[in-house]
Amino acid sequence: VDVRDQVSPDKQAETSVPVHDLIARRWSPRAFDAEAEVTVDQLRALLEAGRWAASYGNTQPARFLVGLRGDDTFRRILGTLTESNQSWAHRSGALLVGVALTHNDKGELPYAEYGLGLAAQNLVLQAVAEGLAAHQMAGFDADAVRAEFGLPEQARAVVAIAVGHAADPRVLGVDRDVQRELAPRKRVPLAEFALRDWTSAAF
Ligand SMILES: Cc1cc2nc3c(=O)[nH]c(=O)nc-3n(C[C@H](O)[C@H](O)[C@H](O)COP(=O)(O)O)c2cc1C
């Protein structure tokens, strides 16, 4: 299929009330454009957004390994992903690994993973603002990242993130994967998500 003139699907969240465009438009594609590039400036904006996330006591536990498609870091991160994630993530324009600093000289850093998560969400939303998309992954080998990049004991690779230009789902090739890419996005209802009391009334 010639997918060059095709566009990525509209996966905008169907919200019960309007929410900010950046939040509604964020989703996690697997179909990325293998030709389109993520620029260094875009990547810098994503990382800058991440850097300004809140953290417990401003301990700033988040760190990111950053590779641009074509460079060595990208190849090394790609090599740590599960086969199924590699099968689509190789088309992304950038691959990152989110690392949580769990300890410093003074001891354990509380909420380190939480802090990394906040930084990652900032980064992901900035990607949407840049006209890009990001896809977070637990499917990678954290021990391989530790060995490959020489992470010390107090640093823990928590998540890999693919960033790129969302593309026509047909780049995925296999029909099952195309269907999954087009499937509607689902969430628990707001009434289950926000409560006035644990067992009874919804907010
Ligand atoms: C911590 C985390 C780990 C994830 N791991 C994977 C993964 O290994 N492979 C994958 O294809 N998607 C992965 N996802 C993507 C989720 O499946 C996706 O965010 C979820 O289905 C909701 O879809 P949406 O992001 O498009 O709203 C992960 C997401 C998060 C936040």
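Residues numbered from 1 in each chain as written. Predicted model: local features only at pLDDT ≥ 70, side-chain atom pairs only at ≥ 80, totals over all residues. Heavy atoms only, no water.

This part is about the overall build of the chain. Broken down by element type, the chain carries eight helices and six strands. Mapped from its N terminus to its C terminus, the chain presents α and β elements in the order α-α-β-α-α-β-β-β-α-β-α-β-α-α. Its C-alpha atoms give the chain principal-axis dimensions of roughly 55 × 55 × 30 Å. Residues counted as buried form 38% of the 203 residues belonging to the chain. On the chain, the mean spot of the 22 positive side-chain charges and the mean spot of the 27 negative ones are 2 Å from each other. (Helix = DSSP H or I, 4+ residues; strand = E, 2+ residues; numbered from the N terminus. Buried < 20%, exposed > 50% of the residue type's maximum accessible area, 1.4 Å probe, protein only. Lys, Arg positive; Asp, Glu negative; His and termini not counted. Charge placed at Lys NZ, Arg CZ, Asp CG, Glu CD.)

Around the ligand, a shell composed of 13 residues is seen, among which Ser28, His135, Ala138, Arg185 and Arg187 lie nearest. In the model, an oxygen atom of the ligand is placed 2.9 Å from a nitrogen or oxygen of the Gly139 main chain. Secondary structure elements with two or more residues in the shell around the ligand: helix 4 (83–89) and strand 5 (133–137). Of the residues forming the shell around the ligand, the biggest block, three residues, is contributed by strand 5. (Near = heavy atom within 4 Å. Polar contact = N/O pair within 3.5 Å; in protein donor to acceptor, adjacent residues only side chain to side chain.)

Tallied over the full model, the rule gives eight salt bridges. Arg75 is paired through a salt bridge with Asp72; the nearest N and O atoms lie 3.8 Å apart. Of this pair, Arg75 and Asp72 are both found in helix 3 (residues 72–78), three residues apart, which corresponds to roughly one turn of the helix. We classify Asp72 as partly exposed; its relative accessible area is 44%. (Salt bridge = Lys/Arg side-chain N within 4 Å of Asp/Glu carboxyl O.)

Note on placement: Asp168 falls in the loop between strand 6 (155–164) and helix 7 (175–182). Taking the relative accessible area as the measure of exposure, Asp168 reaches 6% and is therefore buried. A distance of 2.8 Å separates a polar atom in the side chain of Asp168 from the backbone nitrogen of Arg170.

Let's shift gears to the sheet that holds strand 5. Taken together, four strands build an open sheet; the order of strands is 1-2-6-5 and the sheet is antiparallel. Lying at the two open borders of the sheet, with one neighbouring strand each, are strand 1 (62–68) and strand 5. In this sheet, neighbouring strand axes are inclined to one another by 25 degrees on average, regardless of whether the strands run parallel or antiparallel. With five bridges joining them, strand 5 and strand 6 adopt antiparallel strand pairing. Among the inter-strand pairings, Ala134 is bridged to a residue of strand 6, identified as Val163. Sitting on the sheet, helix 2 (residues 40–51) touches strand 1, strand 2 (94–101) and strand 6, and the angle it makes with strand 1 is about 165 degrees. Contacts from helix 6 (residues 142–149) reach strand 1, strand 2 and strand 6, with the element oriented near 95 degrees to strand 6. (Pairing = 2+ DSSP bridges. Axes fitted to C-alpha atoms, helices over the stretch in contact; angles between N-to-C directions. Contact = heavy atoms within 4.5 Å.)

Glancing now at the pairing of strand 6. Burial analysis of strand 6 places eight of its ten residues in the buried class, which makes it a mostly covered element. Of the pairings in the sheet, the one linking strand 2 to strand 6 comprises eight bridges and is antiparallel in character. The residue bridging Val97 from the neighbouring strand is Ala160, located in strand 6.

Turning our eyes to something else, we now look at the packing of helix 2 against helix 5 (residues 112–129). For any two helices packed against each other, the geometry is given by the interaxial angle and the distance between the axes. Where helix 2 meets helix 5, the closest approach of the two axes is 7 Å, and the angle between their N-to-C directions is 145 degrees. Handedness of the helix 2/helix 5 crossing: right-handed. Here helix 2 contributes Ala45, Leu46, Leu47, Ala49 and Gly50 to the contact with helix 5, which in turn contributes Ala119, Asn122, Leu123, Gln126 and Ala127. Along the lines of polarity and charge, the residues of the contact of helix 2 with helix 5 split into seven nonpolar, three polar and no charged. (Left-handed = near helix turned anticlockwise from the far one by under 90°. Nonpolar A, V, L, I, M, F, W, Y, C, P; charged D, E, K, R; others polar.)

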